Structures are given as C-alpha cells and as structure tokens.
Amino acid sequence: MMLLRLAVLNLTRSLRRTVLSMSSVILGVAVVIIGQGVIAGFEDNAIRAAVDGMTGHVQIRARDYPTEGLAHPVDTLATVDGPLAAWLDANTQAWTTRTLFVGEVVNAGDAMPVRAIAIDPARDSEVFPRGSWKIDGTEPVSAQDGVLLSTGVAGLLDLKPGATVVVQANTTSGAKNALEVPVSGVFSAGTPMLDRFGIVLTQDLARQILQSDERISHVSTRLADRGDTEAFAARLAERIPEDREIVTWIEECAPVLAFQAVRQAALNLVVLALMGMSATGIANTVLMAAYERVREIGTLRAMGMTRPGVIQLFVLEGALLGAVGGLLGAALGSAIVLWYEGQGIELPLVMATGHLPVSNVLYLRSSFAVTALSAVFGLVTAMVASFYPAVIASRPAPAEAVRA
Amino acid sequence: MSVLCDIKDVKKVYGSGPAAVQALRGVNLTIDEGEFTVISGPSGSGKSTLLNLVGCLDVCDEGVMTLLGHDVKKLSPKGLAQLRAERIGFIFQSFNLIPVLTARENVELALQLAGDTKGDRVKRASEALDRVGLGDYLHRRPNQLSGGQQQRVAVARALVKEPALVVADEPTANLDSNTGAAVLDLMRDMNKQLGITFLFSTHDPLIMVRARRILLLRDGQIEDDEIKTRSDLTREVERKAVQEMLHNLADY
Ligand SMILES: Nc1ncnc2c1ncn2[C@@H]1O[C@H](COP(=O)(O)OP(=O)(O)O)[C@@H](O)[C@H]1O
Ligand SMILES: [Mg+2]
C-alpha cells in the first residue's frame, strides 16, 4: 500500500512530464478505439448498403448475371412459380420481386442512362427498408404515378416532382420502347449505387416498357436473422431452376469487406507508431525519474528494498501512468465513437463508384471489447516501456547510491 | 557482552589497474553489542568505506566480516537486503528522507520494508517520532522541516524497527554545531535506553568526544582505538567545552 502511495506521489513530482507522457497514452488508446470504430462502421455501412439497397439477405437472379458496370440484361427474365412462392412465404420474413433494367431518361433535349428498379409497391419496403430514404414527392404505387428519380438523375436533368419525362429502354425482344411518364418524386437512399443513376418505378409500368408480362429479374428475401443467410441459401439453392443462381449479401459485400483488411492493416500500423511514441515517452519519463532519484533509490536499498523491489516500484509508476492514460483514452475514444455512432459522418463521395455497396453516411460502431482491450493495451505498453528504465534505476549499488 | 561485529584483515579496493584506490588496507575490529562508537579520521581515510561494510551496503574484497552471526560474504544480495531491512538502521549525512512522504510515512516505510507485522505501524511510527521530539510534526514533509528536525526523523526511521545496529555516516556534518550536538545526544539516549549499538563517523572533535570509543582511521588502517572510561569522557568534554568557549570568544 505504501509502495502504491509512493508511486502515485512520485508521479506528481514532475507533473508536467507525467501529463505529457500520459497524453501520449491517452491519444494512442483513443486513436485505436476511434480507428476500430471507423473500420467496424465501414463494415456495417457496406452490409447495410448491400442488404438494404440492392440484394436483401439472399437474392435469386439469372445465372452469370453481370456484376460490372451498368448492365442489367432483360433477355433472361423469369416468373416465380407457385411452389417456390409458397416456400418463400413459409421460410422468409419477407420477400419481393424486382426487375432491373438499363434505360434512358430524357428531358427535352437531355438524356442520361439510368438503372431502373421496378418494384412491387406492396412488398418492396418489407425487404428493403426505407428508413434512410429521403423522398421529395411520393413513391409510385401504380403505373400512373410514373417514376421516382434519384437525386443524381433529377439533378443532372434538372427535374422536379410533377415534371414529365420520357423513359426509354429495350423491350425483352430487343425493340426500342419509350413512354412519357410523370415524375412522382425525387429520392435519396444514402447509397451512391442508387442515388447516382437510380430510378424507381412499379412492376406494372416496367411491364409496359419492357413488354415483359409476369417475368421479373430478381427475387430478394429478408430473413428474421441475418446469421441464417448461408443455411437458408443452401436450402433455397435446391428449389430454383437451372438457369437461376443465388447471391447472398455476404458475397455481394466481399469486395468491400476485402478492403477492410487493408484498412485494418493501415490502422495497425498507425497504432504501432503511436504506441511506439507513447512507449518512448513513458520510457523517457521513467528513465529521467531514475536518474534524478539515484540517492533516494540508494536510501530505499539501504533500508532493505531489493533490486526487484526497486524495479517493481518504477514499473508500478509506469503502470499507473498507463492505467490512468488508458482509462482517459478509453473514455475519450469511446465518447467520440458513441457520438458519431448516433450522429453519423457524411462521407465525401470518393467511395461512390456507383456499383460498390456503400452508404454515404458512415455510422461508427462502438464495441465494449475494443474499448476495454485498448485500455489494457495502453497499460501493458506502459508497463513494458517502463521495465528497462526500471532495471537501470535498480542498477547502482546501494553504497554508491547513498553517496551520490 | 557479546560480539556484534567482527572484522578480520578486511581490505577494500575501488576500481582496478593504475586507477585503483586502496580504501581499506587490512582492518581488524571487534564491536560489541551496545557500543556507542565513532570512527574518526581525515577525509579519504576510509571511514565511509568501513561504515558501508559494517552496514552491509557493500562487501569487502578480502578478509572476513561476521555480523550478527552471519558471515557477510556468504550472504546473497537478497540476504544482505533482508539483514539491512530487519537489523540495521541508517542515518545519513544529508538525511535522505523520501521527499514526497510525510515524517510519519517516512518512518512507517522502514517498518514496511522490514516486513514488520507486529501491530499498528502507524501508531508505532508516531510513537517513534514522539520519542525524538517530533510528535507535533507527523504530517510535515521533509521540506517543511529544519535540518535538525529532518535528522531527528531519520533517527526515528532508523530506530523504529528496533534494529541491532545503527550506522551513521557523518550524521551531523550538515547541521550547525548546537543542532548536531542535540542530534548526537538523542542518539546516545537511544543507545542507553534501547541498548542499540551505534557506529558513526565524524571529523568534528566536539562530536567525537561524545562517543565512548573512538577509532582513528588513517590511510585505510586503524591507527588508534581508544575506549574511554567515564572520567576520561567528562574531562574531555570539559576540555573541549572550554576550548570552544575560547574559540567563540575569539570570534567576537
Ligand atoms: N566508489 C568509489 N570509487 C573510487 N574510489 C572511492 C570510492 N569511494 C571511496 N573512494 C576512495 O576511497 C578512499 C576512502 O574513501 P572514504 O571511505 O569515502 O573516506 P572518508 O569517508 O573517510 O572520507 C578515498 O581515497 C576515496 O577517494
Ligand atoms: Mg565519508
């Protein structure tokens, strides 16, 4: 107890030095926590963008469906047969059909290519929640309502809800078709994938443009538990026709999640550098203390403290530095993460390539385990850093130390 | 009376090669329990070296030293530390209190390091300070105490664990002569009351005369070993007192 008190008091002796080296621990620990929060946030973001924006949990689509660029062939549309529909009713939380096609929106002389998403207005929002959507106007519920334009399309063509546009596309048989329709509203979903080129219309309207009868391009499902994805996908695979394939959100997110490993490595490097810095700071603090207190150490040794006892005292001082720094760093780091977990950070649209599933609002994700581990990491760093200086402190022979 | 420390033909060399210094060149000495002995001698004669050996802060290069029944050379560093912690108290020239601790904590620390488990340490530390006249200064830090008071704390710190031996290297050198004399009287009272053996060094004749045995070191060897009778002591004290009075008068 006396030793602990002595260690605490010793740290107050050169308060400025103590505060300085403690701040480096605080900073290091906070950066680890914030960094991990960002990385976990990116992961959530990617999953959310993919699941809520494009695939749902498990999706059925044509075999060898193109994944690069703006390509949505309509020559492979198919219907959902009765038994499959019944099975999906029984085994999913919700499911819906979508038909994706590439078309063009024309306003006066201007035209731009779009990714058209035909939805089942009664069911779509159960699979693709609209929570993050902002809609100016209304979402179409019938063919007469026309199209809902993404902010990207509306912006480029200078369109507002209530305007009239021409939507043109190739029919399933390859002929060109065009319809003049109203703009029901303008939306942003927070995912560049939708917000740059997307338009939303009802399956009814799409049928008129594509001449596609009851056929659709995608079936998307939402499961009660995301963790069941792979098991569900395996069972579903036995029930789909030869020409169809199954994609899960896990596969869809793979390219983005692969990026995560790179981010993690970068963070680890930063953390290593920061911890190296705090370790140097702490080692320096403890070493200076050791040199300043040679006579005092000699006195303690004369009074019967052993060399290991001296080492213990100095490591204890380092450990206290690390413990307090670690706790403060954890408090600071998690406060920041928690704040942006609620608030979100608007990302610059550099990430928005249009086909990577990302959302432009990043919500950091806090983790108690990460916070606790980072604080412990700060403590351990401090203890390791103070060990060698402590050995040096214990080195002078007692007689010599007393004489100094 | 039993022997506390027995030193036979002890030599100590600092450094090596042409820079080597022969600090002790064959010292023979027996110290009995309860002695109040001073080592005197000119600066560099080896007083500190000898005290460090007796206090187990250092070990000799040649010769045999037996302390409290231990052949000191055979003790491990840990064994030496334990011996110091439990049986030997130290008083230093520059007091060497731990600056961040209060007077009472400084004394308590000695008990803690001695692994003392006998009863209330706080109470015993307070009592020890009371005994040296610092009962009202328990919570002062060293920098809030005068030199004499600091050295009294050091005396309390050395004595609180009831050691067999107290080693003091020039304990009065940093004090003015009155304060130094008072600290030395305190040491002698403790020697009488508690029977603790004191071995200290000085080159101040006024301090020297308060000892019962005076060892004179010169060039690393004991040149004179004078055990005084009571009448010797009184005569000496009187002579020195007169000398000092004349000396002081001369200063006016
Ligand atoms: N650590 C040391 N290294 C080298 N020489 C030393 C050391 N300690 C003492 N000496 C030398 O040993 C001799 C005796 O020193 P010391 O015991 O300190 O004498 P005193 O205490 O009587 O002044 C002196 O010549 C001193 O310079
Ligand atoms: Mg000396």
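Residues numbered from 1 in each chain as written. Chains lettered and ligands numbered in written order. Predicted model: local features only at pLDDT ≥ 70, side-chain atom pairs only at ≥ 80, totals over all residues. Heavy atoms only, no water.

(A) Examining helix 6 (residues 177–194) of chain B more closely. Residues and elements named next belong to chain B. Spanning 18 residues, helix 6 covers 25 Å between terminal C-alpha atoms, matching the ideal 26 Å at 1.5 Å per step. Residues of helix 6 that are buried include every one of G180, A181, V183, L184, L186, M187, M190 and N191, and no others. Here helix 6 starts with a cap whose side-chain oxygen sits 3.1 Å from the backbone nitrogen of N178, and that cap is D176. Following helix 6 by one or two positions, G195 has its phi on the positive side, about 70 degrees. (Helix = DSSP H or I, 4+ residues; strand = E, 2+ residues; numbered from the N terminus. Expected span 1.5 Å × (residues − 1). Buried < 20%, exposed > 50% of the residue type's maximum accessible area, 1.4 Å probe, protein only. Polar contact = N/O pair within 3.5 Å; in protein donor to acceptor, adjacent residues only side chain to side chain.)

(B) Examining the sheet that holds strand 8 (residues 197–201) of chain B more closely. All names here are of chain B. As summarised here, the arrangement of the six strands in space is 6-7-8-3-9-10, forming an open sheet in which the pairing is mixed. Of all the strands in the sheet, just strand 6 (88–91) and strand 10 (221–227) have a single pairing partner and so form its edges. Looking at each pair of strands side by side, their axes are set apart by 15 degrees on average, direction ignored. As paired elements, strand 9 (residues 213–218) and strand 10 share six bridges and run antiparallel to each other. (Pairing = 2+ DSSP bridges. Axes fitted to C-alpha atoms, helices over the stretch in contact; angles between N-to-C directions.)

(C) Structural context of the packing of helix 1 (residues 2–11) of chain A against helix 11 (residues 307–343) of chain A. All names here are of chain A. Put simply, helix 1 and helix 11 touch, their axes get as near as 9 Å, and they point 60 degrees apart. One way to sum up the angle between helix 1 and helix 11 is to call them oblique. Considering only the axes of helix 1 and helix 11, their crossing is right-handed. Where helix 1 approaches helix 11, its residues L3, L4, L6, A7, V8, N10 and L11 are matched on the opposing element by Q312, L313, L316, E317, L320 and L321. Here the contact of helix 1 with helix 11 is composed, by residue class, of ten nonpolar, two polar and one charged. (Parallel < 35°, antiparallel > 145°, perpendicular 65-115°, else oblique. Left-handed = near helix turned anticlockwise from the far one by under 90°. Contact = heavy atoms within 4.5 Å. Nonpolar A, V, L, I, M, F, W, Y, C, P; charged D, E, K, R; others polar.)

(D) Just the domain arrangement of chain A, in detail. By the assigned domains, chain A splits into domain 1 (2–50 + 255–403) and domain 2 (95–220). Measuring from the centre of the C-alpha atoms in domain 1 of chain A to the corresponding centre in domain 2 of chain A gives 52 Å. (Domains from an automatic or database assignment.)

(E) Up close: the site of ligand 1. Inspection of the region around ligand 1 gives R403 of chain A together with Y14, V21, A23, P42, S43, G44, S45, G46, K47, S48 and T49 of chain B as its neighbouring residues. Flanking ligand 1 are residues from chains A and B. A distance of 2.7 Å separates an oxygen atom of ligand 1 from a polar side-chain atom of S48 of chain B. Calculation on ligand 1 without its partners gives an accessible area of 560 Å², and the protein chains cover 70% of this total. Of all elements in the fold, only strand 2 (21–32) and helix 1 (47–54) of chain B reach the threshold of two or more residues within the shell around ligand 1. Here the shell around ligand 1 takes three residues from helix 1 of chain B, the largest share from any one element. For the shell around ligand 1, the class distribution of residues is four nonpolar, six polar and two charged. (Near = heavy atom within 4 Å. Areas by Shrake-Rupley, 256 points an atom, 1.4 Å probe, with all protein chains shown as cover.)

(F) A look at unusual backbone geometry. Located in the positive-phi region is Q211 of chain A, a residue other than glycine, with phi close to 60 degrees. Relative to the elements of secondary structure, Q211 of chain A occurs in the loop between helix 7 (203–210) and strand 9 (218–222). Take Q211 of chain A: its relative accessible area is 45%, and that puts it in the partly exposed class. In the Ramachandran plot, E162 of chain B falls in the positive-phi region, its phi being about 50 degrees despite a non-glycine side chain. With respect to the secondary-structure elements, E162 of chain B resides in the loop between helix 5 (147–159) and strand 7 (165–169).

(G) Focus on the pattern of salt bridges. Under the defined criterion, the tally for this structure stands at 26 salt bridges over all chains. For the salt bridge of E35 of chain B with R213 of chain B, the shortest nitrogen-to-oxygen distance reads 2.9 Å. Of this pair, E35 of chain B sits in the loop between strand 2 and strand 3 (36–40) while R213 of chain B sits in strand 9, and the two are 178 residues apart along the sequence. In this structure, E35 of chain B and R213 of chain B share a single accessibility class: buried. Each of R13, R293, E296 and E317 of chain A takes part in salt bridges that share partners, so that together they form one network. (Salt bridge = Lys/Arg side-chain N within 4 Å of Asp/Glu carboxyl O.)

(H) Examining the packing of aromatic side chains more closely. Residues and elements named next belong to chain A. Within this structure, the stated rule accounts for five aromatic pairs over all chains. Between W133 and F187 the ring centres are 4.7 Å apart and the planes differ by 20 degrees, which places this aromatic pair in the stacked class. Remark: F187 occurs in strand 7 (residues 176–188) and W133 occurs in the loop between helix 4 (124–127) and strand 4 (134–137); sequence separation between them is 54 residues. For the pair shown, W133 and F187 are each scored as buried. Here R226 stacks its cationic end above the ring of W249, 4.9 Å away from the centre of that ring. Just above the ring of F42 sits the side chain of R263; from NZ or CZ to the centre is 3.7 Å. (Phe/Tyr/Trp six-rings, centres within 6.5 Å; stacked < 30°, edge-to-face > 60°. Lys NZ or Arg CZ within 6 Å of the ring centre and 35° of its normal.)

(I) Summary view of a nonpolar patch on the surface. Where nonpolar side chains cluster on the molecular surface, the patch consists of M1, L4 and V8 of chain A and spans about 300 Å² of accessible area. Locating L4 of chain A in the fold gives a position in helix 1. (Patch = residues over 30% accessible without salt bridge, like charges linked within 9 Å, V, L, I, M, F, W, Y side chains within 5 Å.)

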